[in-house]
Amino acid sequence: MSKKPPVKAAASSAAEILAARAAARNTDSGPASPAPAAAGKGDAPAQRAIDTQALASGMTSNANKPLEHGEANAQSTPAGVTVAPPSRLPGASTLSEANASDKTGAVALEALNATIGTLDRVRVDSSGQVLTTNQGVHIADNQNSLKAGARGPVLLEDFILREKLTHFDHERIPERIVHARGSGAHGFFECYEPLTQYTKAAPFKEAGKVTPVFVRFSTVAGERGSKDTARDVRGFAVKFYTDEGNWDLVGNNMPVFFIQDAMKFPDLVHAVKPEPHHQMPQAASAHDTFWDFVSLMPESTHMLMWQMSDRAIPRSYRMMQGFGVHTFRLVNDAGESVLVKFHWQPKLGTHSLVWEEAVKISGADPDFHRRDLWEAIDAGEYPEWELGLQIFTEEQAEQFSFDILDATKLIPEELVPVQIVGRLVLNRNPDNFFAETEQVAFCTAHVVPGIDFTNDPLLAGRIHSYVDTQISRLGGPNFHELPINAPIAQVHNNQRDGMHRQAIHRGRVAYEPNSLAGGCPFQAGAAQGFMSVARRVDAKESADKVRIKPEKFADHYTQARLFFESQTEVEQAHIGNAFRFELSKVTVPAIRERVVSMLMNAAPDLAQRLAQDLGMELPAPMPKALETPATPEVEQSPALSLTARPGDGGIRTRKVAVLVANGVEGASLEKVIAALVAEGAVPRLVGARLGTCVGAGGEKFAVDATMENSPGFLFDALVLPDGAQAVEALDADAHTLEFLRDQYWHCKTILALGASEALLAQAQIPLTMPEGEPDPGLILADAASVDDAITAFITAVGGPRQFGRENDPPRA
């Protein structure tokens, strides 16, 4: 049969071409037949439709589908079927891609993923560039929040502050950016006397009222796995579960801070964190970026004195103070307010480590503070603090030489005494670290009726930042429903949904006012609900929108001098040693010089010593922001010294190493151990190996620690045993002399019984202080004086360390 000749396609009519072009401009339907070729001439939408049809028709089926079945094909997977498009139009996201701009650029390069290539495409170099927001807007002032007047409140419209803090809040997920390394415990706060004349806050309403609490202690700069004993500020955050809602008093173990305005908080933390190019050093401020920043922020001088002091390396969380840092308000039922500073005073006194000891502990037991807190609570030795308030009026505040809104300033106790109002007791360890200690969310915005804020610009930023941080860290806005964060007071509001919502609300109303739920939940009104104190009106203050600090904020050195001059000679020496160590780690001499020039304005003798120790010329004092500050009311405040708070002199929970070996003289050792236990100390028998040591009289002593796993620097004091055989065995072990030397050089008390005096000689331990006087921390006892020696030993352990031993540099 002969084939018929093909039928020649009729030319497209004008109507068909127009219809095809019109159809190509729609995105939700299309014609049944392909567009005629002529429709694409000079018309991009129609040509795209034509080319897309041609591309799609080139693949009538999946030719590889039969090869997807059967074991015979298992090892011969074919390449995918492809069809080359007639043009680039079918692959375009939009026909408008040819319209280039400085933002969009041009059409994508063919067959190229432009995100793959060298990192040059995303590297940023800000040299010579103006500071901007994330939207590219030039920032005129990066030092101050926008306030209603120099001492007025920070304004919500400050988009620069909010963007900066919000981005900072979300930089690390889920770990806290700061205070990542923490330990926590449950307990209670008990009010001593009602404070209703000052405040209607629930915890202070009546004598004996008990409020449950959860407390979290932390370091600031380190990450979650860092060491406990870093030189750092310590967080001291208390969540009060009051019957009128949760109140979070989020503070530190130092009463001042580095900066005056929340605008600078991200800068401070970025400077003190590990340097971003190599992520070193961890949990340390001894590096270039930190000292570069603070040396350009002289308001940090006061805080630097605190951080370089022994306060930055506490012996225990149980032996450090806590402070609310900011000035807050107390408000009573009549709506009257006074100003207040919060202080936590440890019953055990304030005690610290020495630097070399802290460094060694961090290697042997990076969980030193966490372990100490846990063990004390589990042993029934509940840590306790008393809450003290500095209460004063606005009229008093106006007369101070400093501004009470400045977080770099404290109020000397000589000006406003601390009034003790209650006690905090921690009596229960968490059941689960993550569920409680890690998930607890503290926010400075969490206050109850009777507690209110001031216009402190650093506090204002924290009020925003903490809530924002928790939303990110804990996965959404419902972090308050996690069990550890939930209040004991009832929660009723119209907030709904969001990630991880737990509450299942009944009914259909989620708004107020309403009639469908009878108006409920309804607002409490001024008589029962939280009411902010009306802003004080002062005709001398403007309410203009400004980015500026009050004039008194410019006094950067007076209180730094006050703190330094209030320390003992030993404490001043430690501050100098800390500055020397930290600045020796700085690699840029100009930064080092800048810090010393700053200290010239606060403590010239300290600056001169540092210049000598660092091998540099003494620089001129840094120009002051305020040449003639107000005359300070107080030039020395003994309460600022650690020695002012020794505690009750007891030795409860102090860990005492008792070295043992076969052949110890058992009777004297048993006396020592019994006396220590009776006083609440924790003696540990330390030997060369675990097991049992047999005394000269057949006594058996169970060794529960070794000099290898529990070095000398982990203990508060040391007992050396009598018994010639035991002393000989200990002398043969090099660990013994290292153990003994650490105890001595860390200024701890040592009791040497009988023959063990020979160990002191072997370790080259002098029996006198450097000036020749007897060393009260070295107690020697023969058989006749054991009882008196034990009494003297316990007294010395309960007192301050034997800092008279210290020499700089140490004696060989």
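Let me begin by describing the structure that accompanies this report. In this text, all values refer to a predicted model and were calculated from it rather than measured experimentally. (Residues numbered from 1 in each chain as written. Predicted model: local features only at pLDDT ≥ 70, side-chain atom pairs only at ≥ 80, totals over all residues. Heavy atoms only, no water.)

The secondary structure content of the protein amounts to 20 helices and 20 strands. Taking 28 Å as the expected radius of gyration for a compact globule of 812 residues, we find that the protein reaches 36 Å, considerably beyond that expectation. Its C-alpha atoms give the protein principal-axis dimensions of about 135 × 80 × 65 Å. The buried share among the 812 residues of the protein stands at 49%. Per element, the accessible surface of the protein, about 39,000 Å² overall, is 54% carbon and sulfur. Computed over 75 positive and 101 negative side-chain charges, the inter-centroid distance for the protein is 9 Å. (Helix = DSSP H or I, 4+ residues; strand = E, 2+ residues; numbered from the N terminus. Rg over C-alpha atoms; globule rule 2.2 N^0.38 Å. Buried < 20%, exposed > 50% of the residue type's maximum accessible area, 1.4 Å probe, protein only. Areas by Shrake-Rupley, 256 points an atom, 1.4 Å probe, with all protein chains shown as cover. Lys, Arg positive; Asp, Glu negative; His and termini not counted. Charge placed at Lys NZ, Arg CZ, Asp CG, Glu CD.)

Turning next to unusual backbone geometry. Peptide bonds are mostly trans, and most non-glycine residues show a negative phi. Of note, the amide linkage connecting Met 280 to Pro 281 takes the cis form, showing an omega dihedral of -5 degrees. Within the element layout of this structure, Pro 281 appears in the loop between α4 (265-272) and α5 (288-295). Backbone geometry at Gln 279 places phi at a positive 55 degrees, although glycine is not the residue there. Locating Gln 279 in the fold gives a position in the loop between α4 and α5. Not every positive phi belongs to a glycine, and Gln 764 is a case in point at roughly 60 degrees. Tracing the backbone through its elements, the reader meets Gln 764 in the loop between α19 (757-762) and β20 (778-781). Owing to a relative accessible area of 65%, Gln 764 belongs among the exposed residues under this scheme.

Grouped together as the largest cluster of nonpolar side chains are 63 residues, with contacts concentrated most on Phe 258, Trp 291, Met 305 and Phe 579. For this core, the secondary-structure elements that each account for two or more residues are α3 (159-169), α4, α5, α6 (301-307), α12 (558-565), α13 (569-584), α14 (589-599) and α15 (604-613). Phe 579 has contacts with Trp 291, Leu 304, Met 305, Met 308, Leu 599, Leu 606 and Leu 610, leaving out every residue within four places of it along the chain. (Core = buried A, V, L, I, M, F, W, Y, C linked by side-chain atoms within 4.5 Å. Contact = heavy atoms within 4.5 Å.)

The subject of this paragraph is the sheet that holds strand β17 (residues 705-706). As summarised here, the arrangement of the 6 strands in space is β17-β14-β13-β18-β19-β20, forming an open sheet in which the pairing is parallel. Across the chains shown, the open sheet's two edge strands, defined by having one partner strand only, are β17 and β20. Here strand β18 (residues 717-720) pairs with strand β19 (residues 749-753) via 4 bridges, running parallel. The residue of β19 that forms the bridge with Ala 717 is Thr 749. (Pairing = 2+ DSSP bridges.)

Turning to the environment of Asn 62, a few remarks are in order. Position of Asn 62 relative to the elements: it lies in the loop between α2 (44-57) and β1 (147-148). Counting along the chain gives 19 residues from Asn 62 to Val 81, while the straight-line C-alpha distance between them is 7.3 Å.

The next subject is the packing of α13 against α14. Remark: α13 packs on α14, axes separated minimally by 10 Å, with the N-to-C direction vectors making an angle of 155 degrees. What the angle tells us is that α13 and α14 run roughly antiparallel. In the crossing of α13 with α14, the sense of the turn from one axis to the other is right-handed. Between α13, through Phe 579, Leu 583 and Ser 584, and α14, the contact on the second element is made entirely by Arg 592, Val 595, Val 596 and Leu 599. In the contact of α13 with α14, the residues fall into 5 nonpolar, 1 polar and 1 charged. (Axes fitted to C-alpha atoms, helices over the stretch in contact; angles between N-to-C directions. Parallel < 35°, antiparallel > 145°, perpendicular 65-115°, else oblique. Left-handed = near helix turned anticlockwise from the far one by under 90°. Nonpolar A, V, L, I, M, F, W, Y, C, P; charged D, E, K, R; others polar.)

Since one α-helical turn is 3.6 residues long, residues separated by three or four positions face the same way. Residues of helix α7 (residues 355-364) that are buried include every one of Glu 357, Ala 358, Ile 361 and Ser 362, and no others. Looking down the long axis of α7, one finds its buried residues gathered within 135 degrees of arc, a one-sided arrangement. On its buried face, α7 sits against α8 (368-378). (Arc of directions from axis to C-beta.)

With that settled, the discussion passes to the packing of aromatic side chains. Following the criterion strictly, the structure yields 26 aromatic pairs and no others. Both rings, one in Phe 257 and one in Phe 258, keep their centres 5.4 Å apart while their planes meet at 75 degrees; by these two values the pair is edge-to-face. With a centroid separation of 5.9 Å and 35 degrees between ring planes, the pair formed by Phe 715 and Phe 739 is classed as tilted. You can see Phe 715 sitting in the loop between β17 and β18 and its partner Phe 739 sitting in helix α18 (residues 734-745), a full 24 residues away along the chain. Summarising the burial analysis for this pair, Phe 715 and Phe 739 share the class buried. Geometry around Phe 442 places Lys 239 over its ring, the cationic atom sitting 5.2 Å from the centre. (Phe/Tyr/Trp six-rings, centres within 6.5 Å; stacked < 30°, edge-to-face > 60°. Lys NZ or Arg CZ within 6 Å of the ring centre and 35° of its normal.)

Here strand β7 (residues 328-331) shows no split at all, with Phe 328 and Leu 330 on one side and Arg 329 and Val 331 on the other all buried. Relative to strand β8 (residues 337-346), β7 runs antiparallel, the two being bridged by 4 bridges. Bridge assignment links Leu 330 to a residue of β8, and that residue is Val 338. Hairpin remark: β7 followed by β8, antiparallel, with 5 residues in the connecting loop; positive phi at Gly 335, about 80 degrees. Here 2 bridges tie β7 to strand β11 (residues 451-452), and the two strands are oriented antiparallel to one another. Considered in β11, the bridge of Leu 330 is made with Ile 451.

Mapped onto the secondary structure, His 746 falls in the loop between α18 and β19. Since its relative accessible area comes to 1%, His 746 is described here as buried. Setting aside residues up to four positions removed in sequence, His 746 forms contacts with Val 354, Glu 356, Glu 357, Lys 360, Phe 713 and Arg 801.

Treat this as a map of the structure, not an account of what it does.
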